[in-house]
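So the chains spell out like this:
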Protein chains: 2
Amino acid sequence: MPDHSQKQDVTIYDIAEALGVSPSTVSRSLKEHPSISKETIRKVRKQAKKMGYRSNIFAQNLRRQKTNIIGVIVPRLNSHFMSSAISGMEKVANKNHYKIIISQSHEQAVNEASNVEMMLEQRVDGLIVSLAYNTMDLHHFDAITEQHTPLIFFDRVADLPNSTNVVIDNYQAAYKMTNHLIDEGCSRIVHITGNTSRNVYSGRLKGYKEALLEHQLSYDSDLVFINDLREEDGEQVARKILEMDQLPDAVFASNDVCAVSCMALLQEHGIEIPRDIAIAGFNNDPISRFVKPKITTVDYDGERVGEVVAQNLINHLEGDDHISITNTIVLNSDLIIRDSSRKQDAG
Amino acid sequence: MPDHSQKQDVTIYDIAEALGVSPSTVSRSLKEHPSISKETIRKVRKQAKKMGYRSNIFAQNLRRQKTNIIGVIVPRLNSHFMSSAISGMEKVANKNHYKIIISQSHEQAVNEASNVEMMLEQRVDGLIVSLAYNTMDLHHFDAITEQHTPLIFFDRVADLPNSTNVVIDNYQAAYKMTNHLIDEGCSRIVHITGNTSRNVYSGRLKGYKEALLEHQLSYDSDLVFINDLREEDGEQVARKILEMDQLPDAVFASNDVCAVSCMALLQEHGIEIPRDIAIAGFNNDPISRFVKPKITTVDYDGERVGEVVAQNLINHLEGDDHISITNTIVLNSDLIIRDSSRKQDAG
DNA sequence: TTGTATGCGTTATCAA
DNA sequence: TTGATAACGCATACAA
């Protein structure tokens, strides 16, 4: 057993003894309680520094029943959107003296549930969640809401009372994107998206359908692909496209990675973008700018989402806010038209 | 003030009372202490579940002086390498019932120091760090080592006694890459890298130099660019390249984002890759595969790095390991030769 | 302005 | 096999 035991910590008792005062005086001095004289405060602080005192946070937590820790559960960490979102949360949390504990569900409801349990055990002050791909039943959040632990969902949100959702208008974004493609003369538009039990994907699918209908274009379910939106999924759709009797004239994917991998495979088979097929993605992942042609996408600023989510939660925790009864915050998201569209004016 | 107060928690006293046994019996039953009868254990567990008991972790921590929390400090979260590394750490931590608390230094030593202080306050069981760009003085880690809190650096590591480093052989990787470019007939090779106070960048620069020297190629400092390796830095180098009297025949950048942005701007100015200039990056960021041509790079698997780092730390914490006196773990990293090199055989 | 005493929920030691 | 009791370090109600 390695020896990392001797964290012989200095306590307020040690300081009290050294100074010949009581522990409570030390405790109060350390947080500049108004009833303590300036002189005492000065002395205590000096002694504390001298002895290398560091407040024991467990004892504090135990007394105050508060941790200043925010729990974050996400499907996975290593996508551009998610890591940016986490970055934004960390920034805001740090500024407000909160810490964040992170866990991944790896897109599995069962992991999500055990992560929630872990967060509960940690007694997080609040919880931020983006749902796993296959989460249907939401009962694993019951204990959270029962204890009135503030709960905020973002991106992939839930329909749960007493929780807040931070989203963009996925319907509108997809509606605008599809309209844009139609305006460019596309009429056979492939849509690649994820599990439509998730708000983000159902919203986008709906926007896509609506735009078609408004232009008297028939909705063809053979042109809609539901998958996990990973690199290989984009490629697989590309292969299916190449086998179609009649080629589509556009592909609109629900994320950029999928759009880009689909495009790459199409290009390898001699399809010219955007002449033969126009391409559109979602998220404004850096990758969307680096491919050729640059792909049209929807600006979805993870960093900002993360900031808003964290700030909202902290406001709530600090009491600057009311109890939310299923409150929803909708952030902006704009089309970014690029070379993979047939015209390049602003949308 | 919103009402998230009534976390009227069930304690072992409540269970004890309900069952007519002592709190110690409950405590022991809950952790299946060998001296407690099966029957009692069964009863206690049942009652605990019935009453919705959840152990208070502060009290536990307070008693045991242990948190099962690992602190992680990184320059920034939202790069592919870093978010993958964190993902790997989270995976291993989760499996071993550890939690991770994350903070960003935003590449500033001053933030790094305050993050360390925060981790100390949280009483993390161990600390994982990748250094900020401009960290020179390492005294902000003194308190960590003094308490014998295990400390592991990865990627951007330090030369500190009683800490472990997890790295790849940056010298070798850059040496091989430069050799590869030379083998392809390149002789004026631009190298873009970061602050050479950081091991990763000094190692790579050294490998680059060494390869040149071994081939009787003179080292030209005008071909070496030290910057922050961001998207805009790659573009700026591209502009400088375009102004050169004699064009280089290769660019070797210390990360893929920088390599790719440099390449894109060169291409916009009619340079053909790899005919006019070959391109090489570092990290095997997905972006390196999606650009055209795909760029040659160094495989640097963040997920694996994260796993190794976390596993090593946990082994140490669990006592399966000795106290490390400046131990170094070197992970594998291989060249990935792609279209942006002039030949495409394996390196 | 400061001190005393108690409790936060657990675990570990000792005794029964 | 179980129980009583004393910590762990801090914060606060009450007393002085």
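Residues numbered from 1 in each chain as written. Chains lettered and ligands numbered in written order. Predicted model: local features only at pLDDT ≥ 70, side-chain atom pairs only at ≥ 80, totals over all residues. Heavy atoms only, no water.

## Details of the overall build of chain A
Along chain A, the regular secondary structure elements total 13 helices and 12 strands. Compactness check: chain A gives a C-alpha radius of gyration of 26 Å against a globular reference of 20 Å for 347 residues, more than 25% above the reference. Its C-alpha atoms give chain A principal-axis dimensions of about 90 × 45 × 35 Å. In chain A, the share of contacts with a sequence separation of at least 24, taken over all contacts with a separation of at least 6, comes to 72%. Computing the positive centroid from 37 side-chain charges and the negative centroid from 47, chain A places the two 11 Å apart. (Helix = DSSP H or I, 4+ residues; strand = E, 2+ residues; numbered from the N terminus. Rg over C-alpha atoms; globule rule 2.2 N^0.38 Å. Contact = heavy atoms within 4.5 Å. Lys, Arg positive; Asp, Glu negative; His and termini not counted. Charge placed at Lys NZ, Arg CZ, Asp CG, Glu CD.)

## Things to note about the sheet that holds strand β7 (residues 224-226) of chain A
Residues and elements named next belong to chain A. Pairing is parallel in the open sheet, where four strands are placed in the order β7-β6-β8-β9. Where the open sheet ends on each side, the last strands, each with one partner, are β7 and β9 (278-280). For this sheet, the mean inter-axis angle between neighbouring strands, taken without regard to orientation, is 10°. Sheet topology places strand β6 (residues 189-193) next to strand β8 (residues 250-253); four bridges connect them, and they run parallel. The partner of Ile192 across the bridge, within β8, is Ala253. Strands in contact with helix α8 (residues 170-183) are β6, β8 and β9; relative to β8, the strand with the most contacts, it is inclined by about 170°. Strands β6, β8 and β9 of the sheet are contacted by helix α11 (residues 256-268), whose axis makes an angle of about 160° with β9. (Pairing = 2+ DSSP bridges. Axes fitted to C-alpha atoms, helices over the stretch in contact; angles between N-to-C directions.)

## Re the protein's contact with DNA strand C
Around DNA strand C, the structure places 25 residues, and the nearest of them are Ser24, Thr25 and Arg63 of chain A together with Tyr53 and Arg63 of chain B. Separating a phosphate oxygen of DNA strand C from a side-chain N or O atom of Thr25 of chain A is a distance of 2.2 Å. At 2.9 Å from a phosphate oxygen of DNA strand C is found a main-chain nitrogen or oxygen belonging to Ile12 of chain B. At the level of secondary structure, the elements contributing two or more residues to the surface near DNA strand C comprise α2 (23-30) and α4 (57-64) of chain A together with α1 (12-19), α2 (23-30) and α4 (57-64) of chain B. When the residues that make up the surface near DNA strand C are grouped by side-chain class, the tally is seven nonpolar, 13 polar and five charged. (Near = heavy atom within 4 Å. Polar contact = N/O pair within 3.5 Å; in protein donor to acceptor, adjacent residues only side chain to side chain. Nonpolar A, V, L, I, M, F, W, Y, C, P; charged D, E, K, R; others polar.)

## Details of the sheet that holds strand β6 (residues 189-193) of chain B
Residues and elements named next belong to chain B. Strand order in the open sheet made by the four strands is β7-β6-β8-β9, with parallel pairing throughout. The sheet is open, and its two edges are formed by β7 (224-226) and β9 (278-280), each paired on a single side. Across this sheet, the average inter-strand angle for adjacent strands is 10°, counted without regard to direction. Strand direction decides the pairing type here: β6 and β7, joined by three bridges, are parallel. Residue pairing across strands places His191 opposite Val224, the latter belonging to β7. Across the face of the sheet, helix α9 (residues 199-214) comes into contact with β6 and β7 while running at roughly 170° to β6.

## Here we look at the environment of Ala280 of chain B
Structurally, the position occupied by Ala280 of chain B is in strand β9. When the C-alpha atoms of Ala280 of chain B and Pro34 of chain B are compared, they prove to be 61 Å apart, with 246 residues separating the residues in sequence.

## Observations concerning the interface of chain B and chain A
Opposite the 64 residues of chain B that make contact, chain A presents 63 residues. For chain B, the biggest contributors to the area lost against chain A are Arg54, Phe58 and Phe290 of chain B; these three give 14% of the whole. With its nearest N and O atoms 2.8 Å apart, the salt bridge here joins Glu231 of chain A to Arg289 of chain B. One can count 17 residue pairs in polar contact (both at pLDDT 80 or more) joining chain B with chain A. Top contributing element to the side of chain B that touches chain A by residue count: helix α5 (residues 80-95) of chain B, with seven residues. Across the side of chain B that touches chain A, the residue classes tally to 24 nonpolar, 23 polar and 17 charged. (Buried area = accessible area lost by both parts, 1.4 Å probe. Salt bridge = Lys/Arg side-chain N within 4 Å of Asp/Glu carboxyl O.)

## Describing helix α8 (residues 170-183) of chain B
Residues and elements named next belong to chain B. Between its first and last C-alpha, α8 extends 20 Å over 14 residues, near the 20 Å set by a 1.5 Å rise per residue. By the burial criterion, the buried members of α8 are Asn170, Ala173, Ala174, Tyr175, Met177, Thr178, Asn179, His180, Leu181 and Ile182. Put simply, Asp169 is the residue that caps the front of α8, since its side-chain oxygen is 3.2 Å from the backbone nitrogen of Tyr171. In the stretch just after α8, Gly185 is the one whose phi turns positive, near 100°. (Expected span 1.5 Å × (residues − 1). Buried < 20%, exposed > 50% of the residue type's maximum accessible area, 1.4 Å probe, protein only.)

## Quick notes on the packing of helix α1 (residues 12-19) of chain A against helix α3 (residues 38-51) of chain A
Residue and element names in this part refer to chain A. As a packed pair, α1 and α3 sit with axes 10 Å apart at the nearest point and diverge in direction by 120°. Between α1 and α3 lies a crossing of right-handed hand. Residues Asp14, Ile15, Ala18 and Leu19 of α1 form the contact with α3, whose participating residues are Lys43, Val44, Gln47, Ala48 and Met51. (Left-handed = near helix turned anticlockwise from the far one by under 90°.)

## Focus: the nonpolar core
Counting 160 residues, the largest nonpolar core has Phe154 and Ile192 of chain A together with Phe154 and Ile192 of chain B as the members making the most contacts within it. The contacts of Ile192 of chain B, once residues within four sequence positions are left out, are Phe225, Asn227, Leu229, Val237, Val251, Phe252, Ala253, Ser254, Cys258 and Cys262 of chain B. The next biggest cluster of nonpolar side chains, apart from the first, holds 40 residues, and it includes Leu151 of chain A together with Val124, Leu127 and Val167 of chain B. (Core = buried A, V, L, I, M, F, W, Y, C linked by side-chain atoms within 4.5 Å.)

## So, the UniProt feature "domain: HTH lacI-type" (unreviewed entry) in chain A
Mapped onto the present numbering, the UniProt feature "domain: HTH lacI-type" (unreviewed entry) falls on residues 10-64 of chain A. The annotated region residues 10-64 of chain A carries 69% helix and 0% strand content, and the separation between its end C-alpha atoms amounts to 21 Å. (UniProt positions renumbered as here; feature names shortened; annotations may be inferred.)

## Remarks on the pattern of salt bridges
If you walk through the whole model with that rule in mind, you get 22 salt bridges over all chains. Of the charged contacts, one joins Arg275 of chain A and Glu272 of chain A as a salt bridge, the two residues approaching to 3.7 Å between their closest N and O atoms. Here Arg275 of chain A falls in the exposed class, since its relative accessible area comes to 57%. Taking the shortest distance from any N to any O, the salt bridge between Lys91 of chain B and Glu303 of chain B comes out at 3.4 Å.

## As for the protein's contact with DNA strand D
Among the 25 residues in the neighbourhood of DNA strand D, the closest are listed as Tyr53 and Arg63 of chain A together with Thr25, Arg28 and Thr40 of chain B. Among all atoms of DNA strand D positioned within 4 Å of the protein, those belonging to sugar or phosphate total 59%. In this structure, a base nitrogen belonging to DNA strand D sits 3.2 Å away from a side-chain N or O atom of Arg28 of chain A. Its residues assigned to classes, the surface near DNA strand D shows seven nonpolar, 13 polar and five charged.

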